[in-house]
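Geometric and topological summary
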There are 2 protein chains.
Amino acid sequence: MRRRDLLLGGAIACSVGAIAGAPAVLASKKFRWRMVTSWPPNFPVFQTGAERFAKQVYAMSGGRLSIKVFAGGELVPPLGVFDAVSQGGMQMGHSGAVFWAGKAPATQFFSSIPFGMTGQQMNAWLYYGGGLELWNEVYAPFNIVVFPACNTGVQMGGWFNKKIGAMADFGGLKMRIPGLGGKVLSKVGVNVVLLPAGELYMALERGVIDAVEWAGPYHDLQIGFHRAARYYYYPGWHEPGSAIELLVNRKAWESLPKDLQTIVSVAAAQSNLLGLSEFDAKNGLALNDLVTKYNVRVLQFPAEIIRALHKLSAETLEQIAAQDPMFSKVYSSFKTFAGKIDAWTEIGEKAYMEAPGG
Amino acid sequence: MRRRDLLLGGAIACSVGAIAGAPAVLASKKFRWRMVTSWPPNFPVFQTGAERFAKQVYAMSGGRLSIKVFAGGELVPPLGVFDAVSQGGMQMGHSGAVFWAGKAPATQFFSSIPFGMTGQQMNAWLYYGGGLELWNEVYAPFNIVVFPACNTGVQMGGWFNKKIGAMADFGGLKMRIPGLGGKVLSKVGVNVVLLPAGELYMALERGVIDAVEWAGPYHDLQIGFHRAARYYYYPGWHEPGSAIELLVNRKAWESLPKDLQTIVSVAAAQSNLLGLSEFDAKNGLALNDLVTKYNVRVLQFPAEIIRALHKLSAETLEQIAAQDPMFSKVYSSFKTFAGKIDAWTEIGEKAYMEAPGG
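Residues numbered from 1 in each chain as written. Chains lettered and ligands numbered in written order. Predicted model: local features only at pLDDT ≥ 70, side-chain atom pairs only at ≥ 80, totals over all residues.

**Side note on the overall build of chain A**
Secondary structure assignment for chain A yields 12 helices and 11 strands. Taking 21 Å as the expected radius of gyration for a compact globule of 358 residues, we find that chain A reaches 22 Å, a close match to that expectation. By principal-axis analysis of the C-alpha atoms, chain A measures approximately 75 × 45 × 45 Å. Counting across all 358 residues of chain A, residues that qualify as buried make up 58%. (Helix = DSSP H or I, 4+ residues; strand = E, 2+ residues; numbered from the N terminus. Rg over C-alpha atoms; globule rule 2.2 N^0.38 Å. Buried ≥ 20, exposed ≤ 12 C-beta atoms within 10 Å, placed from the backbone.)

**Here's the deal with the sheet that holds strand 3 (residues 92-95) of chain A**
Residue and element names in this part refer to chain A. One open sheet accounts for five strands, arranged 2-1-3-10-4; its pairing is mixed. Unpaired on one side and paired on the other, strand 2 (65-70) and strand 4 (144-151) mark the two borders of the sheet. The mean angle between the axes of side-by-side strands here comes to 25°, regardless of whether they run parallel or antiparallel. Relative to strand 2, helix 2 (residues 46-60) is tilted by about 165°, and along the sheet it contacts strand 1 (31-37), strand 2, strand 3, strand 4 and strand 10 (243-249). Where helix 10 (residues 258-292) meets the sheet, its contacts fall on strand 2, strand 4 and strand 10, and the angle it forms with strand 4 comes to roughly 30°. (Pairing = 2+ DSSP bridges. Axes fitted to C-alpha atoms, helices over the stretch in contact; angles between N-to-C directions. Contact = placed C-beta atoms within 7 Å.)

**Considerations on the nonpolar core**
With 238 residues, the main nonpolar core has Met35 of chain A together with Met35 of chain B as its most contacted residues. Shared between two domains, this core holds at least three residues of each, these being domain 1 (30-151 + 241-280) and domain 2 (158-239 + 296-346) of chain B. Not counting chain neighbours up to four residues away, the residues in contact with methionine 35 of chain B comprise Ala50, Ala54, Ile67, Val69, Phe70, Met90, Met92, Gly93 and His94 of chain B. (Core = buried A, V, L, I, M, F, W, Y, C linked by C-beta atoms within 7 Å. Domains from an automatic or database assignment.)

**Considering the sheet that holds strand 11 (residues 297-300) of chain A**
All names here are of chain A. One open sheet accounts for six strands, arranged 7-6-8-5-9-11; its pairing is mixed. In this open sheet, the two strands that pair with only one neighbour each are strand 7 (191-193) and strand 11. The pairing of strand 6 (residues 174-176) with strand 7 spans three bridges and is classified as parallel. Residue pairing across strands places lysine 174 opposite asparagine 191, the latter belonging to strand 7.

**Observations concerning helix 11 (residues 303-323) of chain B**
Every α-helix carries 3.6 residues per turn, so stepping three or four residues along brings you back to the same face. All names here are of chain B. With 21 residues, helix 11 extends 31 Å between its outermost C-alpha atoms, agreeing within 8% with the 30 Å of an ideal straight helix rising 1.5 Å per residue. If you check which residues of helix 11 are buried, you get Ile305, Ile306, Leu309, Ser313 and Leu317. Each buried residue of helix 11 lies within a common arc of 100° when the element is viewed along its axis, so the set occupies one face. Of the exposed residues in helix 11, the ones pointing more than 90 degrees away from its buried face are Glu315, Glu318, Gln319 and Ala322. Each element contacted by the buried residues of helix 11 is listed here: helix 6 (179-186) and helix 12 (325-353). (Expected span 1.5 Å × (residues − 1). Arc of directions from axis to C-beta.)

**Description of the environment of serine 333 of chain B**
All names here are of chain B. Of note, serine 333 is situated in helix 12. With 16 C-beta atoms counted inside 10 Å, the residue serine 333 sits in the partly exposed group. A C-alpha to C-alpha distance of 15 Å links serine 333 and proline 105, two positions 228 residues apart in sequence. Beyond its immediate chain neighbours, meaning those up to four positions away, serine 333 contacts Gly130, Gly131 and Leu134.

**Re the packing of helix 6 (residues 179-186) of chain A against helix 11 (residues 303-323) of chain A**
Residues and elements named next belong to chain A. Two elements in contact, helix 6 and helix 11, have axes separated by 9 Å at closest approach and are oriented at 110°. Accordingly, the angle class assigned to the pair helix 6 and helix 11 is roughly perpendicular. The crossing of helix 6 and helix 11 is right-handed. The segment helix 6 lies against helix 11, with Leu180, Lys183 and Val184 engaging Leu309, Leu312, Ser313 and Thr316. (Parallel < 35°, antiparallel > 145°, perpendicular 65-115°, else oblique. Left-handed = near helix turned anticlockwise from the far one by under 90°.)

**Points about unusual backbone geometry**
Of note, the bond from tyrosine 234 of chain A into proline 235 of chain A is cis; its omega dihedral lies within 30 degrees of zero at 0°. Looking at the element boundaries, proline 235 of chain A is found in the loop between strand 9 (231-234) and strand 10. A positive phi angle, near 60°, is found at asparagine 143 of chain A, a position not held by glycine. Tracing the chain through its elements places asparagine 143 of chain A in the loop between helix 5 (131-139) and strand 4. The class for asparagine 143 of chain A is partly exposed, based on 16 C-beta atoms found within 10 Å. Located in the positive-phi region is asparagine 42 of chain B, a residue other than glycine, with phi close to 60°. Here asparagine 42 of chain B lies in the loop between strand 1 (31-37) and helix 2 (46-60).

**Some thoughts on the environment of threonine 316 of chain A**
All names here are of chain A. Looking at the element boundaries, threonine 316 is found in helix 11. Spatially, the C-alpha atoms of threonine 316 and glycine 181 are 9.6 Å apart, while their sequence positions differ by 135 residues. Residues contacting threonine 316, with those up to four places away along its chain left out, are Leu180, Lys183 and Val184.

**Here's the deal with the pairing of strand 2 of chain A**
Relative to strand 2 of chain A, strand 1 of chain A runs parallel, the two being bridged by six bridges. For methionine 35 of chain A, the partnering residue across the bridge sits in strand 2 of chain A and is valine 69 of chain A.

**Observations concerning the environment of phenylalanine 31 of chain A**
Residue and element names in this part refer to chain A. Relative to the elements of secondary structure, phenylalanine 31 occurs in strand 1. For phenylalanine 31, a count of 16 C-beta atoms within 10 Å translates into the label partly exposed. Expressed as a C-alpha distance, the spacing of phenylalanine 31 and proline 77, which sit 46 residues apart in the sequence, is 24 Å. Excluding residues that lie within four positions of it along the chain, phenylalanine 31 makes contacts with Arg64, Leu65 and Leu256.

**Section: the confidence of the model for chain A**
When the pLDDT values of chain A are averaged, the result is 92; 92% of them are 70 or greater. Low confidence marks residues 1-26 of chain A, where pLDDT is under 50. Its contacts with residues over four positions away, or in another chain, come to 64 contacts. (pLDDT = per-residue confidence, 0-100.)

Structure follows, in structure tokens:
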């Protein structure tokens, strides 16, 4: 604590000392920023992750970049984050690219797509397969610089109040499922609803929706879906590795000196890793609680349903690609990379997970 | 560039300005450190990752912490890294915990153990399951503070000059395979050899060893094992997710102000994520080259071999745990966590990877 005080004192002395040498004052210029998120207050991993990110940046910058984090609805609505950062009212946002399909269909690749890559594969594509460059290209017209800042890993397939034994069982369901997964299910008669996290439980409990998917066991247990639905399906075919995004207004970004820019980008990568790690560590425990304490029925989608959804998903992606050049460009990169990494996953991760004797 | 120059100028002015206010000089104190590694010069992902880490720390600290990175053998031998950092001759090291089994058997859990956790699971344990605290506890008597700084992901099972069709085929092989994997194979007649990366190819090519495992296709192709052995086996039962470590001498660590400590720990996490992502992105391409350009035969260990190795591995772990209390303590944490996370991986990642229609 004492060293920390001295350090802060040093920064102040520094600012004063530097004034004599005109432009040197840059080194100790202080930035006070605001970050808005799409998550409820204290929402684990997402909101707490955004807050830890802000804390780390503050510590690494010796207090020169302080970011005050606001939950969804505190300053702007949960789904108003993108616009707020795009217009510059807020310097930073923490949200999910899947929510902005209405602005540019290609955004959806940067959360997760049906039968797409897992969280680990997504990171390989984003950092080493050109994915992050494409993401920034898609967001450039909106004056937003973007970084991956968390990943849910493979999600669950959703909560239902009746068993899903055949494709016909989807017909007439009112379900919260965003993005391309929703688009696919709408083709088999699902009425797709888009709601932010904070409104999901009430909607399910009051029958505004019959089914819902959010993320995995840890989040879903926190929200309490098990009190309003009984059947919990897997695998999460529609979101096998959803990235969560850190948005930065471009003008704000460009106002940062290089050291603070590096601090932001490195802290975002740390958040990305810690988020996936936290989900992985806590999903198992939550799943166990859901089954043993709350009698949730964990069921696997029948193979013929998965096959049909896979076919529909591929058709849906091709249809949008035929209409939207940027979607087509990103899809091409995504598909090519996925093909290559799958060949490795097959004899790497998958073969290991399937090894007998475990 | 100009802003960067101004910034550095600012730091210098700052130091001068701060001297008036005695202890404030701490804020701009400069640290010039050396990091020694166990890797050959320019060795991809490991050595290049250590160098990127140093660059990021330099950028984030505005030049206050500069780390000069030396490859294995440049200042100390590849396997002398731990001692050099422990004794304080070097402030930092970049290596693998598996190499220090002779100092404390428990170190091996912090690379990877036979039939242990995958890279993603390892990160969940290290960051959210108490693993990193245990790692630091194991290294504390050596005056070393440790961070995970890379992960190979699931490795391959190794290169062989003959087919491995039954357990008897291991008998009499001279094989480079470190850690517990080596201990297990020594029980079935393998003569286990421990050599650093830079000496492996020559040893295999000259027949000093008959078989070798290093990591995965990307590294293995770089080293050139395919020119000296024909059969490339999977899965990597012995190292399903090897962490790579950043070592920091404790006294050096404690000399850093809090902001630089945070910069080091956050940059290590970024390196960890980028390392695994880079391996995942490049292993697929390398595997494809090995098969199509170099006619390597990629073969799966027969199920009965995997079953037998699994049984031998469990026995080996129990035996060491019975003799070494710290090993036993870490093993207990590892095993408990692995059991819980496996239940989630089973219906998460694994069920998704096995979903039909892909």
